[in-house]
Structures are given as structure tokens and as C-alpha cells.
Amino acid sequence: MYQNNQQLIKASVIIVIIAGVLGALSIFTGGLDASSAKLFSISFILILFGITGTISFVVTGKPQYKALGTAGMVVSAITFLLFFIVILTEVADTGIFQLGFCLMIASIALAHICLLHHFNLQNKYALYARMTATSAIAIFSLILIVKVFEPFPSLYSLGYNQSALKLLVAALVIDLAATLLVPLCNRLKVEEPIELTFTTEENPPATSQEEQNSAI
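Residues numbered from 1 in each chain as written. Predicted model: local features only at pLDDT ≥ 70, side-chain atom pairs only at ≥ 80, totals over all residues. Heavy atoms only, no water.

Draft legend 1. Spatial organisation of the packing of helix H3 (residues 66-89) against helix H4 (residues 94-116). At a closest axis distance of 9 Å, the pairing of H3 and H4 adopts a crossing angle of 150 degrees. As judged from the angle between their axes, H3 and H4 are roughly antiparallel. H4 is crossed by H3, and the crossing has left-handed handedness. Here Leu-68, Gly-69, Ala-71, Gly-72, Val-75, Ser-76, Ile-78, Thr-79, Leu-82, Phe-83 and Val-86 of H3 come into contact with H4, specifically with Ile-96, Phe-97, Leu-99, Gly-100, Phe-101, Leu-103, Met-104, Ala-106, Ser-107, Leu-110, Ile-113 and Cys-114. A class-by-class count of the residues in the contact of H3 with H4 yields 17 nonpolar, six polar and no charged. (Axes fitted to C-alpha atoms, helices over the stretch in contact; angles between N-to-C directions. Helix = DSSP H or I, 4+ residues; strand = E, 2+ residues; numbered from the N terminus. Parallel < 35°, antiparallel > 145°, perpendicular 65-115°, else oblique. Left-handed = near helix turned anticlockwise from the far one by under 90°. Contact = heavy atoms within 4.5 Å. Nonpolar A, V, L, I, M, F, W, Y, C, P; charged D, E, K, R; others polar.)

Here you go:
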């Protein structure tokens with residue numbers, strides 16, 4: 001299994017390098033013609049959803065978050081395939097664009113949540129910050145997805161709908177603030193060890209030989 005993962009990672013590294021080089025060359029050598037635009041777009045979405053998929057893949061190394069990481073990988077892969085087909089076939093269907101945009105929001109949101117769950121939390125304050133960030137990400141993403149599936153005039157009316165706009169911006173601010181608090185709070189030193197309620201991510205402190213003998 002480990003050897004297979006290494007082969008997959010090496011192949012992914014090569015693919016990303018090729019995509020980056022081709023994407024850059026398409027800008028300098030191809031100009032603005034259709035073939036260069038397609039090459040650049042494919043390279044860009046491969047790198048973009050490769051980032052979201054890789055972040056999710058890293059989290060699958062933690063057994064308690066394997067399902068979360070797998071979901072992020074699957075959504076990222078599906079989103080890439082959808083955009084890849086749209087770029088090649090030049091489909092101009094509103095429903096497909098709405099679906100693609102919603103999948104893109106979901107893939108980025110899952111990658112963000114997976115990134116937060118990559119930290120090994122050391123205290124309850126970091127746990128509360130992560131829970132807050134996860135909730136804010138879900139609310140922000142849900143509002144965007146709902147608005148995408150509504151008729152296009154409703155998107156323009158978002159600026160006039162003060163309640164929805166305020167909720168969207170508030171969720172974004174809370175998301176960013178809580179995301180920043182996770183690594184900061186995780187560095188806080190607490191006088192007494194705090195047990196995490198949902199998951200045990202911190203290895204128990206090693207005991208000395210004398211303490212082990214006295215316990216026996």
C-alpha cells in the first residue's frame with residue numbers, strides 16, 4: 001500500500017510539473033487563440049483542484065478523518081472532470097455552469113475544513129476555534145450554493161437583499177478569523193492538560209520508569 005502511494009505521488013508530481021510548464025508556455029507562446037486558451041484553462045483547473053484534492057488526501061492519513069478527506073478528494077476529482085469536459089466540448093449550458101460552480105465551492109470548502117483538521121489540537125480553545133470555523137465555512141458555502149441555483153436575476157439582487165448579504169459577509173469574516181485562531185490557540189500553553197471532547201489527537205505524555213513502577 002505504501003509503495004503504491006509513493007508511485008501515485010511521484011506520478012502526481014510529474015503531472016503537476018507538466019501542467020505548470022504547459023500553462024505558463026501557453027501564455028507566452030500561444031497568445032489568445034482558442035487552443036492556447038484551452039491548454040491554459042486545463043492546466044489551471046488541474047492545479048487548482050489538485051490543490052484541494054491534495055489537502056484532502058493528506059487528511060486521509062488520520063483514521064478519524066478518513067471519510068472527510070475521501071469526500072474532499074472525490075468532490076475535487078468530479079469538479080475537475082466536469083470542467084475538463086466543459087472546456088474540451090465548449091458546452092454553454094447554464095445548468096452545467098451552475099453545477100460546476102457549486103462543486104467548485106464544495107471542493108474549496110472541504111479542502112478548507114480538511115486543512116483545519118490536519119492540525120493536532122493541543123487544547124480546547126483550538127478545538128472551539130476549529131468548530132466555529134467549520135460552521136462558518138458550511139454556512140458561507142451553503143448560501144453561495146443556494147444563490148447559484150436560483151435564477152440569475154437573484155444574484156444581482158443579492159446586493160439589495162441586506163439580510164442575505166450581511167449573513168454571507170459575517171460568515172466569511174468569522175470563517176477567516178476562526179481559521180486564524182486555530183493555529184494561534186493551538187500554541188497556547190495551558191496549566192492543566194485538557195481532554196478534547198470529540199477526538200483524542202494528542203499523544204499521552206510519556207511517564208518515567210519510577211512512575212510506572214509506583215503505579216504497579
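Draft legend 2. Molecular detail of the packing of aromatic side chains. Inspection of every chain in the model, using the stated rule, returns three aromatic pairs. On the numbers, 5.8 Å between centres and 25 degrees between planes, the contact of Phe-49 with Phe-83 is stacked. On the criterion of sequence distance, the pair formed by Phe-49 in helix H2 (residues 34-59) and Phe-83 in helix H3 is long-range, its members being 34 residues apart. Using a relative accessible area of 6% as the deciding quantity, one classes Phe-49 as buried. (Phe/Tyr/Trp six-rings, centres within 6.5 Å; stacked < 30°, edge-to-face > 60°. Buried < 20%, exposed > 50% of the residue type's maximum accessible area, 1.4 Å probe, protein only.)

Draft legend 3. Structural context of H2. Along its 26 residues, H2 runs 38 Å from first to last C-alpha, staying within 8% of the 38 Å computed at 1.5 Å per residue. Listed as buried for H2 are Ser-36, Ile-42, Ser-43, Ile-45, Phe-49, Thr-52, Gly-53, Ser-56 and Val-59. (Expected span 1.5 Å × (residues − 1).)

Draft legend 4. Just the environment of Ser-41, in detail. By secondary structure assignment, the location of Ser-41 is in helix H2. Along the chain, Ser-41 and Ser-26 lie 15 residues apart, while their C-alpha atoms are 9.7 Å from each other. A distance of 2.7 Å separates a polar side-chain atom of Ser-41 from the backbone oxygen of Ala-37. (Polar contact = N/O pair within 3.5 Å; in protein donor to acceptor, adjacent residues only side chain to side chain.)

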